[in-house]
Amino acid sequence: MSNFAKTFSSSLGKKLVMALTGLFLCTFLIVHLVGNLQLFKDDAGQAFNAYAYFMTHFTPIKVVSYLLYASIIIHAIYALIISLGNKKARPIGYAVQAGNQNSPWTSRNMGILGTILLVFIVVHMGDFWWKYHNADLPYAKYEISLDNPNDIQVSELPYDANRLVHSEITDLQAGKRIVVSKDLYKIVNNAFQTWWYVLLYVIAMSALSFHLIHGFRSAFQTIGWNNSRYLPLVRFIGVWVFGVLVPLAFAAMPLYFFFK
Amino acid sequence: MSKNMNLTLKVWRQKNADTKGKFVTYQAGHVSPDMSFLEMLDVVNEDLTKKGDDPIHFDHDCREGICGACSLHINGRPHGPKHGITTCQLHMRSFNDNDTVVIEPWRAEAFPVIRDLAVDRGAFDRIQAAGGFVSVNTGGVPDANAIAIPKVIADEAFNSATCIGCGACVAACKNASAMLFVSAKVSQLALLPQGQPERYHRVQAMVAQMDAEGFGSCTNTGACEAECPKEISITNIARMNRDYFTAKLIKQEEA
Ligand code: HEM
Ligand code: SF4
Ligand code: FES
């Protein structure tokens, strides 16, 4: 075996893979969150649909998105391999084990939390990513006044296989910009009218919170970053940004559509 | 003087590594709160011996918290309910009259049960032998303090060196990981000038042996640090990880 292969088959190497894919997923969460904030705009989804088009058709972003899918799969596979190895390391368990007295709950349940996340990711991608790419979605036509960009007339166009996913023309005579795009916003809006679907999202975001309250700082420990000056910052970001802010902001989206 | 206690003990009994074990319940009467946990077991064993029964086997040696021999998983925690001590330093005053006390051996694939509560911790010795040393050529005796070492570094290395190899870290870890022990043994040398020549070889050899022994991997739960009688810090684990990845991915040294 080459040194490289040996490294990644060692217990530490497998953890390095978990940590690096996990941190990459964390950076993705920030991008995904900032983009999705367009959902809160009061523009009938114009900005959000334009953003969805950009994210799926701009080559550098497409490349990164394949890296992302790979990271999710690798992270999950290594989670399974590591967890099975850990089970084997203690074939006979304790009759009594007071784990709650020596370690946080989150740290002992990363596998369960991760499994909830995996189920969520599959459902979530099936409902939005897959539909956006493959289903016969309706289109939205936005007529935006050139004088006042907040003046938007929206109308629905039926699905048409020949229509571009996104098109824009500026009609100077009529004084407006006409944008036609696949209406993912509508799909999102419709999905979040169902209470149990909203609940699923809220539960998944709680799981994300707990997964990252432990996971973010754990990844830094795994890669060997334990500089005592910056460790408090890592912990702060792990708990408050990834454990609180990010999951709360994501959970606010389904709730916003449900109660709107 | 406080009153003597009556306790119910549920003790893991197992003839040898190849037989299946089970819990056996014993009544321990007239337990003085001033006894150590091991002394309490000594008294129980005396009764068992008088009755012609097999005494409960458990490891012990120094009985003053420095050898690491005593083990015992007591009511769900290595070395019992107190922080920063070994089982021989645990006193019966930490328990109440009529308590039930569950006593189990360390549980890990790499620590097979020898008999009852005694486990074979030879895996730790083999990890040490794989690289936990410095090679010193013979010759004249060097002057003491000829090599200047900053106080903070010396202290840090000393703290890592206080590990007594008890295995409580493995016992406490949900993955039966030996990372705290191995990282303490790697760190105590990696921090000092004398440990530098073999630094990157050492970490690779010891981690390889750790994996070969069948310990689990580290989820960074911190249970090891919380249960370690010598309060070894998980900072050692991060340091070992860093040295290991540096050795494998950056340095030229062969494993
Ligand atoms: C948005 C998705 C996810 C993010 C951002 C994420 C992030 C992380 C991070 C940063 C870690 C810490 C790595 C370390 O301790 O070195 C981690 C650990 C872990 N993740 Fe995830 N993860 C995600 C999804 C998943 C999924 C889908 C699974 C399971 C199928 C999963 C299972 C695990 C497990 C079991 C660990 C603990 C590994 C260990 O330390 O033993 N994660 N995750
Ligand atoms: S690190 Fe602590 S718990 Fe682990 S073997 Fe050393 S002294 Fe025991
Ligand atoms: S018997 Fe030596 S540490 Fe307990």
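So, how was this worked out
Within each chain, residue numbers correspond to sequence positions counted from 1 in written order. Chains carry letters and ligands carry numbers; both start at the beginning, A for chains and 1 for ligands, and go up in the order they are written. Side-chain atom pairs in this predicted model are given and counted only at pLDDT of 80 or more, local residue features only at pLDDT of at least 70, and totals for whole chains, interfaces and linings cover all residues. Excluded from the side-chain calculations are hydrogens and water; all other atoms, namely the structure's heavy atoms, are used. Take the buried Ala, Val, Leu, Ile, Met, Phe, Trp, Tyr and Cys residues and link them wherever side-chain atoms come within 4.5 Å; each set so joined is a nonpolar core. Here the term buried applies to any residue with accessible area under 20% of the maximum for its type, exposed to any over 50%, and partly exposed to those in between, with areas from a 1.4 Å probe on protein chains only. Put simply, DSSP marks the helices as runs of H or I at least four residues long and the strands as runs of E at least two long, and each gets a number from the N terminus on. Any two residues whose heavy atoms approach within 4.5 Å are treated as being in contact. Should a side-chain nitrogen of Lys or Arg be within 4 Å of a carboxyl oxygen of Asp or Glu, the pair is scored as a salt bridge. Pairs of strands are assigned from DSSP output, requiring at least two bridges between the strands. Counted as donors are the N, O and S atoms within 2.8 Å of the metal, or 3.2 Å for Na, K and Ca, while water is not among the atoms, so some sites may look incomplete. Metal sites are grouped by the angles between bound donors: all angles between 85 and 135 degrees with four donors is tetrahedral, opposite donors over 155 degrees apart with the others between 65 and 115 is square planar for four donors and octahedral for six, and any other pattern is irregular. Two aromatic rings from Phe, Tyr or Trp, using only the six-membered ring of Trp, form a pair when their centres are within 6.5 Å; if the ring planes differ by under 30 degrees the pair is stacked, by over 60 it is edge-to-face, and anything between is tilted. Either the NZ atom of lysine or the CZ atom of arginine qualifies as a charge over a ring when it sits within 6 Å of the ring centre and within 35 degrees of the ring normal. The predictor reports its confidence for every residue as pLDDT, a score running from 0 up to 100. The domain limits used here are those given by an automatic or database domain assignment. Buried area: the accessible area, evaluated with a 1.4 Å probe, that two parts lose upon being put together, summed over both parts. The rule for a residue being near a molecule or strand is that one of its heavy atoms must lie within 4 Å of it. Pairs of N or O atoms within 3.5 Å make up the polar contacts considered here, provided that, within protein, one atom can donate a hydrogen while the other can accept it, and that residues adjacent in sequence are counted only when both atoms are side-chain atoms. Just so you know the grouping, Ala, Val, Leu, Ile, Met, Phe, Trp, Tyr, Cys and Pro go in nonpolar, Asp, Glu, Lys and Arg go in charged, and all remaining residues, Gly too, go in polar.

*Asks:* How should I be thinking about the nonpolar core in this particular structure?
*Replies:* Inside soluble globular proteins, nonpolar side chains tend to come together where they are buried. Counting 46 residues, the largest nonpolar core has Val170, Val182, Met210 and Phe215 of chain B as its most contacted members. Secondary structure elements with two or more residues in this core: helix 2 (11–36) of chain A together with helix 2 (122–131), helix 4 (168–172), helix 5 (179–190), helix 6 (199–212) and helix 8 (235–249) of chain B. With six residues, the top contributor of residues to this core is helix 5 of chain B. Not counting chain neighbours up to four residues away, the residues in contact with Phe215 of chain B comprise Ala89 of chain A together with Ala110, Phe111, Ala123, Phe124, Ile127, Val170, Ala176, Ser177, Ala178 and Met210 of chain B. Listed in part, the 39 residues of the second largest apolar core include Ala52, Tyr197, Ala204 and Val246 of chain A.

*Asks:* Looking at this model, I keep getting lost on unusual backbone geometry. Mind explaining?
*Replies:* Most peptide bonds take the trans configuration, and most residues that are not glycine carry a negative phi. Although it is not a glycine, Ala44 of chain A sits at a positive phi angle of roughly 60°. For Ala44 of chain A, the position within the fold is in the loop between helix 2 and helix 3 (46–57). Note on Ala44 of chain A: relative accessible area 32%, which makes it partly exposed. Its identity is not glycine, yet Glu231 of chain B carries a phi of approximately 50°, on the positive side. One can find Glu231 of chain B in the loop between helix 7 (223–227) and helix 8.

*Asks:* Quick question: what am I supposed to make of the pattern of salt bridges here?
*Replies:* When their charged atoms lie close together, side chains carrying opposite charge are able to pair. Residue and element names in this part refer to chain A. Tallying each qualifying case throughout the model produces 15 salt bridges over all chains. Between Glu143 and Lys176 there is a salt bridge, with the nearest N and O atoms lying 2.7 Å from each other. Taken together, the residues Glu143 in strand 1 (residues 139–145) and Lys176 in strand 4 (residues 176–182) connect sequence positions 33 residues apart.

*Asks:* What is the right way to read the sheet that holds strand 4 (residues 77–78) of chain B from this model?
*Replies:* Pairing between the strands of a sheet comes from backbone hydrogen bonds, and it takes one of two forms, parallel or antiparallel. All names here are of chain B. Taken together, five strands build an open sheet; the order of strands is 2-1-5-3-4 and the sheet is mixed. Looking at the sheet topology across the chains shown, the edges are occupied by strand 2 (22–31) and strand 4. Two strands pair when backbone bridges link them, and strand 1 (residues 5–13) and strand 2 are joined in this way by eight bridges, in the antiparallel orientation. Looking at the pairing, Met5 lines up with Val31 of strand 2.

*Asks:* Help me understand the coordination of the iron atom of ligand 1, please; the structure alone is not making it clear to me.
*Replies:* Residues and elements named next belong to chain A. Each protein donor to the iron atom of ligand 1 is listed here as His75 (NE2) and His211 (NE2); together their distances run 2.0 to 2.1 Å. One way to put it: the six donor atoms around the iron atom of ligand 1 meet at angles of 88 to 179°, and that makes the site octahedral. Highlighted residues: His75 in helix 4 (residues 59–88) and His211 in helix 8 (residues 195–223), separated in sequence by 136 residues. Of the two residues examined, His75 and His211, each falls in the buried class.

*Asks:* Teacher, can you tell me more about the packing of aromatic side chains here?
*Replies:* What characterises a pair of aromatic rings is the spacing of the ring centres plus the angle enclosed by the ring planes. Residues and elements named next belong to chain A. This model, assessed by the stated rule, comprises 27 aromatic pairs over all chains. Between the aromatic rings of Phe192 and Tyr201, the centroid separation amounts to 5.0 Å while the plane-to-plane angle is 75°, which identifies the pairing as edge-to-face. Overall, Phe192 belongs to the buried group, its relative accessible area being 3%. Look at Tyr201 and you get buried, because its relative accessible area is 5%. Centre to centre, the rings of Tyr256 and Phe257 are 5.2 Å apart; their planes meet at 75°, and the pair counts as edge-to-face. Its relative accessible area of 25% is what places Tyr256 among the partly exposed residues. Each member of the aromatic cluster is reached from another via a ring pair, and the members are Phe40, Phe48, Tyr51, Phe120, Phe128, Tyr185, Phe192, Trp196, Tyr197, Tyr201, Tyr256 and Phe257. The positively charged end of Arg163 is found above the aromatic ring belonging to Tyr139, 5.2 Å away from the centroid.

*Asks:* Where do I start with the confidence of the model for chain A in this structure?
*Replies:* Close inspection of predicted coordinates is inappropriate for parts of the model with low pLDDT. Scored by pLDDT, chain A has a mean of 95; 99% of the residues are at 70 or more. Within chain A, the element-level pLDDT minimum falls on helix 1 (residues 3–9) of chain A, averaging 81, and the maximum on helix 8 of chain A, averaging 98.

*Asks:* Looking at this structure, how should I read the domain arrangement of chain A?
*Replies:* Reports of interface size often rely on the accessible area that becomes lost once the parts have come together. Residues and elements named next belong to chain A. The domain boundaries assigned to chain A delineate domain 1 (3–136 + 184–259) and domain 2 (138–182). On the domain 2 side, the residues contacting the 14 residues of domain 1 number twelve residues. Taking both partners together, domain 1 and domain 2 bury about 1100 Å²; carbon and sulfur atoms supply 60% of that area. The interface formed by domain 1 and domain 2 holds one salt bridge in total. For Lys186, the salt bridge is made with Glu156, and the minimal N-O distance between the two is 2.4 Å. For the side of domain 1 that touches domain 2, the secondary-structure elements that each account for two or more residues are helix 3, helix 6 (110–134) and helix 7 (184–191). Considering each element in turn, the side of domain 1 that touches domain 2 owes the most residues, five residues, to helix 3.

*Asks:* Explain the site of ligand 1 to me, please; I cannot follow it from the model alone.
*Replies:* Near ligand 1, the surroundings consist of 25 residues, among which Lys15, His75, His211, Ser218 and Thr222 of chain A are the closest. The contact in question runs from an oxygen atom of ligand 1 to an N or O atom on the side chain of Lys15 of chain A, over 2.8 Å. Here Thr219 of chain B contributes a side-chain N or O atom positioned 2.9 Å from an oxygen atom of ligand 1. Breaking the shell around ligand 1 down by element, the ones donating at least two residues are helix 2, helix 4, helix 6 and helix 8 of chain A.

*Asks:* Help me understand the domain arrangement of chain B in this model?
*Replies:* Residues and elements named next belong to chain B. Structurally, chain B comprises domain 1 (5–104) and domain 2 (122–250). Relative to domain 2, the C-alpha centre of domain 1 lies at a distance of 30 Å. The interface of domain 1 with domain 2 comprises twelve residues on the first partner and twelve residues on the second. For the pair domain 1 and domain 2, the summed buried surface comes to about 920 Å²; carbon and sulfur atoms form 50% of the total. For the domain 1 face of the interface with domain 2, the top three residues by lost area are Pro78, His83 and Gly84, together amounting to 42%. Inspection of the region where domain 1 meets domain 2 yields one salt bridge. The partner of Glu227 in a salt bridge is Arg77, and the shortest N-O contact between them spans 2.8 Å. Between domain 1 and domain 2 we count four residue pairs in polar contact (both at pLDDT 80 or more) in total. Within the side of domain 1 that touches domain 2, the residues separate by chemical class into four nonpolar, seven polar and one charged.

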